[in-house]
Amino acid sequence: MNTDEHEHVIEVTGLRRVYGGGFEAVRGIDFHVGRGEVFALLGTNGAGKTSTVEVLEGLAPPSGGRVRVLGHDPHAERALVRPRTGVMLQEGGFPSELTVAETARMWAGCVSGARPVPEALGLVGLDAKAGVRVKQLSGGERRRLDLALALLGDPEVLFLDEPTTGLDAEGRRATWDLVRALRDAGTTVLLTTHYLEEAEGLADRLAILHQGRVAAAGTPAEVTAAQPSRISFELPEGYFVGDLPPLSALGVSGHEVRGRLVRLRTHELQRTATAVLVWAERARVELRALDVRPASLEEAFLGIAREASGAGGSGAAGLGSESAPGSGSERAEERVV
């Protein structure tokens, strides 16, 4: 993918966000998002994720640093940026008595060059619900309506804040397919999500925030590469971990033994797994409960939280969005701006 500077649709340099009382939610972060790229912004609780996204959406000015969306300051030049972006909030405030189609038509009246309402509803699988009142929709259907409204203006940049919360497995997969199709058509997507599997499967690149700073960034493979893979198995009766070849010679960086269960950590998964299996073959033993597992984004995320906790941080391992003074009211206003 071309990430030449001129193709950067979102540019964040030294971004800081400070609230009343001096609380610094974002402490000088840098990242960029290329045209036609899906970028996931993840964060531990209180990491500064929501505070960052609000600045990108133009809902608040930065306290320091520089932010550009489509080459413009999204807050100071909001009139130039907003018509070219779509925003899907964590929660939408819809009039409950309107039907799905009426809600979409109302929103289309506020959007420049809106695509036809039936087309937008069809993209998210709500065409059959056009005549249903919003109050009769399930939570997952309301999330799909949120997404349909974000897509009405055929945006160049799409902000998706927890887009699949409340969706069943089928709805989540359908949303993933739609995001991929939008990316392939050239739409730039900035995604926040609680689901690490979602970020790993959708994102071309990602950044993990912790305590207002970027703790890790890169492709999902690059971020997970810093974490060890795992191999676990049960040794037969009469065998002990000392009967294995020297673990350091197998590329093992650490290990645990619980009864007969052995867990090995390694940054050289193929080499270590091959050596263990060759040893078992030569010893003519069966390794029961054998499990060979590469590092995952979840392990990388939790590793960051653990390291921060060990360094005196909060250690929060959740992916919830942080609360900040004024953030709820600002985001609620987005529906009527």
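Our structure is the block above this text.
Not measured: the values here are computed from a predicted model.

Caption draft 1: Inspection of the pattern of salt bridges at higher detail. Tallying each qualifying case throughout the model produces 22 salt bridges. E37 serves as the salt-bridge partner of R205, at 2.7 Å between the closest nitrogen and oxygen. Of the two residues, R205 sits in strand 8 (residues 205–210) while E37 sits in the loop between strand 2 (24–34) and strand 3 (38–43), which places them 168 residues apart along the sequence. Between E256 and R263 there is a salt bridge, with its nearest N and O atoms 3.9 Å apart. What makes E256 partly exposed here is its relative accessible area of 32%.

Caption draft 2: Representation of empty space enclosed by the protein within the structure. Scanning all chains against the criterion turns up 1 cavity of 30 Å³ or more. Taken as a whole, the largest cavity holds about 30 Å³ of empty space. Taken together, L56, E57, G58, P74, R78, V81, R82 and T85 make up the full set of residues lining the largest cavity. Partitioning the lining of the largest cavity into residue classes produces 3 nonpolar, 2 polar and 3 charged.

Conventions adopted
- All residue numbers refer to positions counted from 1 along the written sequence of the respective chain.
- Confidence filtering applies because this is a predicted model: local features only for residues at pLDDT of at least 70, side-chain atom pairs given and counted only at 80 or more, and all residues used for totals across whole chains, interfaces and linings.
- Values shown for side chains rest on all heavy atoms present in the structure; no hydrogens or waters enter the calculation.
- One side-chain nitrogen of Lys or Arg within 4 Å of one carboxyl oxygen of Asp or Glu is enough to make a salt bridge.
- Helix and strand assignments come from DSSP, with helices taken as H or I runs of at least 4 residues and strands as E runs of at least 2, each series counted from the N terminus.
- Relative accessibility under 20% of the residue-type maximum defines a buried residue, over 50% an exposed one, and the middle range a partly exposed one, all with a 1.4 Å probe and only protein chains included.
- Cavity means a closed set of points on a 1 Å grid over the protein atoms alone, one where a 1.4 Å probe fits but cannot get out, pocket means an open set with protein on both sides within 12 Å along at least 5 of 7 lines, and lining means a residue has an atom within 4 Å of a point.
- Grid points are joined across faces, edges and corners, and a volume is the space filled by probe spheres set on the points.
- For this classification, the nonpolar set comprises Ala, Val, Leu, Ile, Met, Phe, Trp, Tyr, Cys and Pro, the charged set comprises Asp, Glu, Lys and Arg, and every other residue, Gly included, is treated as polar.

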